[in-house]
Amino acid sequence: MDKRLFGRRFSGQIQSRKMRIIRCVLSLFVMIAAGLFPVVQGQALSGRVVDCSTGQLLSGVSVRIDGTSIGTVTDSDGRYSFSTLDVGSHRLVFSFTGMKSEPRTVDLYDGKTKTLNVCMEEDLIMMNGVTVEARYERKEMKKAREQGVPVSVIDGKLLAGRGTSIAEVINHQTGVKVRRTGGAGSDTKINVRGLEGNRVQIYMDGHALNTPDGSFSINDLPLQFIERIEIYKGIVPPEFGGDGLGSAINVVTVEPEGSYYDAWYSLQSYGVQEGSLLYKHYFPKAKMYSAVMIGGEHALNNYSMQSPYTSGLTVKRDHDRFRKLYGAVTLEFKERYFDKFEIENVFYASDREVQGIQANIRHARTAGWLAGSTLKLEKKSFLTEKMDMKLRGMALYGVNHLNDTSSCTYDFYGGYFLNTYRGEIGSVPNLSDDRMQDYRYNLNLKYRLLPDMSINLNNDFRFVHTETNDTLADRYLNTHYSGFTTGIATMISSFNLENKWFDRRVTTLLTGRHYFYGVRGKTVDLSYGTNAMPDEANERRHHGGYSLAVKYDFARSWLLKLALEHNYRLPRSEELLGDRVRIIPNTKLRPEQANNYNLGVMFDRYYEGFRRLQMEANVYAMSVSDMMMTRSANYYMGYYNVGKALLWGADMEVKWDVSREWFLMVNATYQRSIDKARYVAGTQTPNVAYDMQIPHIPIFFVNWSADYRRDNLFGGRRQYSRFYYEGGYTDKYYYGYNLTVNQNFVIPSSCIHTVGAEYAILDRRVLFSIECHNLFNSKELTNLNYPLAGRTVQAKLRLTTLKW
Amino acid sequence: MKTVNFTCTMLLAASCFVACDKDNSSEDVTDRAKLVLAIDMSASESTVGYIVPVGESLLNGGTASLALAHEVYASPYVEVYKDWAFNIPNAYMPPVIKRFTRQDDGSLMPDGELTLSQNNQAGAGNILFFSDAKAYASLMLENKIIIFNPSTMQKTGEIDLAKPEYGINGSSTPNPLGMMERDGKVFVGCLGLSSPPLSHDGAYMIVINAATDRPEKFISDLRGTGASFFGNQGMYRDEKGDIYVMCYASYGYAPGQKSGFLRIKKGSTDFDPDYFFNITDRVIPEIQGEHVVLTNFMYDRNGTAYIFGQNPAYASNPIDYANDLPIQSFKINLYDQTLTLLDLPRSNSYSHSILRYGDLILFGLATQSAGAGYFSYNPVTGETGKTPFLNVPGTILDAGVFE
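Residues numbered from 1 in each chain as written. Chains lettered and ligands numbered in written order. Predicted model: local features only at pLDDT ≥ 70, side-chain atom pairs only at ≥ 80, totals over all residues. Heavy atoms only, no water.

## Here's the deal with the interface of chain B and chain A
Point 1. Contact with chain B, which involves 58 residues of that partner, is made by 62 residues of chain A.
Point 2. Among the residues of chain B in contact with chain A, S44, E45 and E71 of chain B are the three that bury the most area, contributing 12% of the side total.
Point 3. In this structure, the connection of chain B to chain A is made through 0 salt bridges.
Point 4. Here chain B and chain A share 23 residue pairs in polar contact (both at pLDDT 80 or more) between them.
Point 5. Of all the elements in the fold, those that place two or more residues in the side of chain B that touches chain A are strand 1 (33-42), strand 2 (47-55), strand 4 (70-73) and strand 15 (193-195) of chain B.
Point 6. With 4 residues, the single largest contributor to the side of chain B that touches chain A is strand 4 of chain B.
Point 7. Taken together, the residues of the side of chain B that touches chain A break down into 31 nonpolar, 22 polar and 5 charged. (Contact = heavy atoms within 4.5 Å. Buried area = accessible area lost by both parts, 1.4 Å probe. Salt bridge = Lys/Arg side-chain N within 4 Å of Asp/Glu carboxyl O. Polar contact = N/O pair within 3.5 Å; in protein donor to acceptor, adjacent residues only side chain to side chain. Helix = DSSP H or I, 4+ residues; strand = E, 2+ residues; numbered from the N terminus. Nonpolar A, V, L, I, M, F, W, Y, C, P; charged D, E, K, R; others polar.)

Printed below as a string of C-alpha cells:
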C-alpha cells in the first residue's frame, strides 16, 4: 500500500465531520465531472503559453506534434500537457490566431517529465482572422470576454454567412431582448438588463453610432464585416468615452490585410432585398489601402397581420416600404509616422413610408441623408516609448425630411374622411427640411507606467448643431419657426488606471469620469400656439462618475468578476428639443444617473478532443434615478425626469463545444425592473406602484442553440458546411402595472425557433445560406399592438476573397 | 380582576375596530360602486387607463382600489347612465365604447361594446343619453354623431356634420364634441380645431332636432373660443333652462382668444348677445398671477359653478407638465359673474374632474403634500377638506356618479 495514500486516509479520520461532508461533495463533483469531461492525464510534457507583450496567459492555443495527429489546446490558465509521448525528439508547433506560430523542438528521455513554457508574439499579418480555425478562440475575443465587467462576445465569423440582422443575432444573448415594431427599417429597441432605447449606447469600433435624427441604426451594419460584437452589461469600458447607464453594444468591424473583394445579395420574405459590393486594394510599395463600398436595401415589408385594434380585421401592410443606400470611400496608410492613418468618406440615405396599425396611413413618409468624413490616427509609442495614441474624428452633415400633408384620413375598409388638420401622424402638416451638423472626436492615450500598470486618458467630444425648417407648418400655424438653430455640446473625459496584482491573478480597472453637456439655442414648444415665443435654451451641466472593475483568476479555469459604477446618461437631442410631431422640447432635462453593481463568475476549460466548457453567471443590481420618461403634455408628449427604478436580476450561460463539429449553448435571464418612485411626480403623494414591476419590460427569457460546422462534409475539399438551430422563449409580460385582476394588455409569451444552413466552396469564397426565422409561424409581439411578421425565410449568396 | 378582564376585552375589541376601520379605508372594495373613475397610470414606457369602481364606504377618507378596475387605453373618459358606466376612449384611439354594469360585489362587469366607426381616427367625444333606447355619441374628428341604442349597444343611425355649412370658414370639419338636450333640440358644441389643442377663433354650435335627428342650425359667437369640452364638462343647463357653454380658448395658448362662458337662453337657439363671462381677462387679486386660464367647469345649482383655472404664476416657462402644480380651484357665479378662489391645494395640469357628491363638491387634485384624490368643499359651510375625501392612485381624468 502506498504510504502517502495511507497517510492521507489516516489524517482523514481526524478531520471534522464538516470537512468530510465537504470532501464527499467535492469527490462527488469530481467524479461527475470526470465522468462527463475526462481530463488529460500524465506529465510527460507540459507547460504554459503566454503572450510575450502582455504576459497574459493564452488559452485555446493549438499545440501539435508536427507530422502527427497528436495535439491538444491550452486551457484557461494557458496550460497544456501530453501524458504519453514517445521517447525521442519532437517538433511541437504552437499556433494561435493573431499570433506567430512558434515551432519548438524538445527531447524526451525515459522517465523524465519535461516542462516547456512558450511565449508567443503578435502577428500583424495574421491579426485579422485570416487563418482562423473555428475551434480556437481569437485573442481579441478572449481579451474582450475576460474583463472585470460582464460582457457577452459574439464571434463575427459565425455571422458572416447569415443574412439576418444584428438585432436578431443579439436577441439570443444573455440579458438582451430586442424589441421591434415591424419589419426591415422599423423602430428597434435593444433592451439590456431592463434598460432600453437611449439608455443602451450603441458603438461601432468604439464610436457612438447614434445620429441625432436616429436615421442610422445598428441594423444598418452588414453582418459580414463584423469581427465581433461585444455586449456590455452593467459597466461600459472607459475607452469608449461615451455616456450610458451601464449597458452598451460595441460592434467591432474587420480590418483584413491585403486586397480583397466582397459581394453579397440577400432575398427575404415580404419583398426584402439587400446587398453590397466592396473592393479593397493594397498598394504594397506605398503601404496604402484604398477601398470603395456601396450597399443598399429595398424592403416592402408587406406581411399581413391581425389588427390588434379591430377584432377579425386582417391588415396587409402596404405602406411600409423602406429603402436605404450607403457607401464609403476609404484611404488608409500604414507604418508612416502614424501606424495607421485613415480617412473615410461616408454617405447614407434612407426613405421610409409610415405604416399605420391603428389607422390606415397612406401618405406620410420620412427621408433623409447623411454624408461626412471620418479620420482615424493610431500610433504606438507616441511621444514617448510607453504611450499609445488613438484619435478618431468625424464630421457629418445631414438633412431630414418629414412629409405628412394629407388632407384625408383613411380606414382599412376603403373609406376616407376629411382631415381636420392636415397630416396623418401629427396634428400639423409637415414638409420639413431639417439640417444637422455633427462633429465629434475621441482621443485615447494609454501610458504604460509599469509592466503591470497602465493609465488611460480618454476625451470624447461631440457638438450637434440642428436647424429646423418647415415653412408649411409655419404657414399653417402662422408662425415663423423655420431657421431656429440649436447647439448641443457634450464632453466626457475619463481617466483610468489598470493594474495587475498578485502574480497577475487580479486585475483592477479604476476609472473616474467627468461629464459635461450644454444646450443653447431656440426651440419650439408645439403646445404653444400662434405667436407663442420660442423657448430660449441655455443650459450647462457638469457631473462626475466613477467605476471599478476587478477580475480575479481565483482557481484554474475560474474567473471572478466584480464591478461597480456610478454613471450618467446625457439627454439626447430629440429628448431635449422634441421631434416637432409628437414630442415637445424640454431643455431643463437632467441626465439620468445610475449606480450599478455586478458580481459574476466565469468558467472556461478545454478538454481533450477539442471539447470546451464555458459557463458564466452574473447577479446584478442597478439603481437608476432621474429617469427620463414621456408624459402627456396637452395632446403631445414630453420627456421629464420622473422615474426611479431598481433593476436586479441574474443571468447565466453555458456553452459546450461537444466536439470539433458540434456546439451547444443555453442561456437564461431573469430580470426585475422595480419602480422605486415613492411619490407621484411633483407631489408627496405616495406612488401606488412603488415596489412593483415596471411594465412593458421582459422579465424571464431563455435561449438555446445547436450548431454543427464541418469542412468537406459532403466529400471533396475546400468546402464548409454549417447547420444551426436557435430557439428562444420569452415569458409573457404586461403593459400595465399589476394593480388589477383585469389586466387586459399583455405581451404574450412566445417560443420562436430558427433554423439555418450555410454551404461554402472554394475556401469559403462562394457561400450560399438559407435561414428560416419563426419556423412554426408563432404569434410574435415584442411591443404591445405591434404584430411581427411571423415565419420569414431568407437566402443569401456571397462571393468574397475575404478570409473568414 | 373582573375590571381588568373587562378593560382588556374592551381594548382588544377597540383594537379590532381600529384595524377593521383601517382595512376598510384602504384596499377592499366590497360595496356596490357609487362612483366610477377614469384614471391614468404612467410607467416607464407605457401609460394605461383604468375604469375604477368605488364603493360608498370609501368616500370618507378611504383609498380607491384598482383591484377590480378594468384596464383600458390611456386617457379614458367615462359616462354613467343608470346602472351602466360607458368607457369612451380618448380622441386618438379607436372609437369603441365599452359598457360596464355595476354588480353587487362592487365590481363592474363588461357586457357590451360598440364600434362607432371603422375609422380608427374618428375621435370619440361625448355621449348624450335620451333614454334606454336612444343615445348620441359624437365623433369629433370624423364630424359625425352616431345614434345608438345603449341597451343593445347597436348603432341605429348617424348624423353627418362634415359639411361646409357646419364647418368653420367652410372647412366641413366642425369637430362636434359636447352635447346638451333641451326642449327637443340638441345643442352640439364644436371645437373648430386648427391643430390640437388650438381652435380657430370663435365659439360654434350646431343645433339638431332630436325628433328627426337632423341638424337645423349653425350658430357662432366670436367673443369666446372653443365651445364645450371633453367628458361632458363643457355645457350645463341651469334651473331656469338657460344653457351655459364653456369656452376653453385653446387652454390659453392662442393669444387673443378668450375663455369663459356663453349663454343660450331658454326658448332661444342663439347665443345670448348680452352675456359673456370673460374669464381670461378677469383680474383676480387673490392669486399671484392675477389671471387664470379656464380648464374645467361643473355647474352646481342656482347659478353657482366650479372651475379649474391654470395660474401662469405657478407654471414653469415652458410649462413642466409632470412637476408643475399650476391648477387652482374656484367657485364662480354665472349670474353676477364673480369668481372666488377656494382654499384647496394646488394641483398638476392633469386635473380634470369636478363633481357633486351628496352635499359636497369634490375636486380631483394631485397636490404637493396633501395627497392625491378628491378634495371636498362644502358649499353650505364653506369648509374645504385638507386631506382627500377619497384617495386616488393615479390621475383622475373623469368620473361619474351612480344615482
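## Let's talk about the sheet that holds strand 31 (residues 395-401) of chain B
Strands belonging to one sheet form pairs held by backbone hydrogen bonds; the direction of such a pair is parallel or antiparallel.
Residues and elements named next belong to chain B.
Point 1. Read across the sheet, 4 strands follow the order 4-2-1-31 without closing on themselves; strand pairing throughout is antiparallel. Strands with a single pairing partner mark the edges of an open sheet, and in this sheet they are strand 4 and strand 31. Pairwise comparison of adjacent strand axes, ignoring direction, gives a mean angle of 25° for this sheet.
Point 2. Across 4 bridges, strand 2 lies against strand 4 in antiparallel orientation. Following the sheet pairing, Y50 is matched in strand 4 by E71. (Pairing = 2+ DSSP bridges. Axes fitted to C-alpha atoms, helices over the stretch in contact; angles between N-to-C directions.)

## Remarks on the sheet that holds strand 19 (residues 235-237) of chain B
All names here are of chain B.
Point 1. Sheet architecture is open: 4 strands sit in the order 19-20-21-22, paired in antiparallel fashion. Only two strands of the sheet have a single neighbouring strand rather than two, namely strand 19 and strand 22 (276-278). Neighbour to neighbour, the strand axes of the sheet diverge by 20° on average, direction disregarded.
Point 2. Sheet topology note: the strand 19/strand 20 (residues 243-247) ladder contains 3 bridges and is antiparallel. Its bridge partner being in strand 20, R237 is matched across the sheet by I243.

## Quick word on the pattern of salt bridges
Point 1. Tallied over the entire structure, the rule returns 65 salt bridges over all chains.
Point 2. Residues K185 of chain B and E216 of chain B are paired through a salt bridge, measuring 2.8 Å at the closest nitrogen-oxygen approach. In this pair, K185 of chain B is assigned in strand 14 (residues 185-190) and E216 of chain B in strand 18 (residues 214-221), connecting sequence segments 31 residues apart.
Point 3. For K185 of chain B, a relative accessible area of 24% puts it in the partly exposed group.
Point 4. E216 of chain B sits in the partly exposed class, given a relative accessible area of 43%.
Point 5. Each of R199, R569, E575 and E592 of chain A takes part in one network of salt bridges that share partners. (Buried < 20%, exposed > 50% of the residue type's maximum accessible area, 1.4 Å probe, protein only.)

Take it as geometry only, folks, not as evidence of what the structure does.
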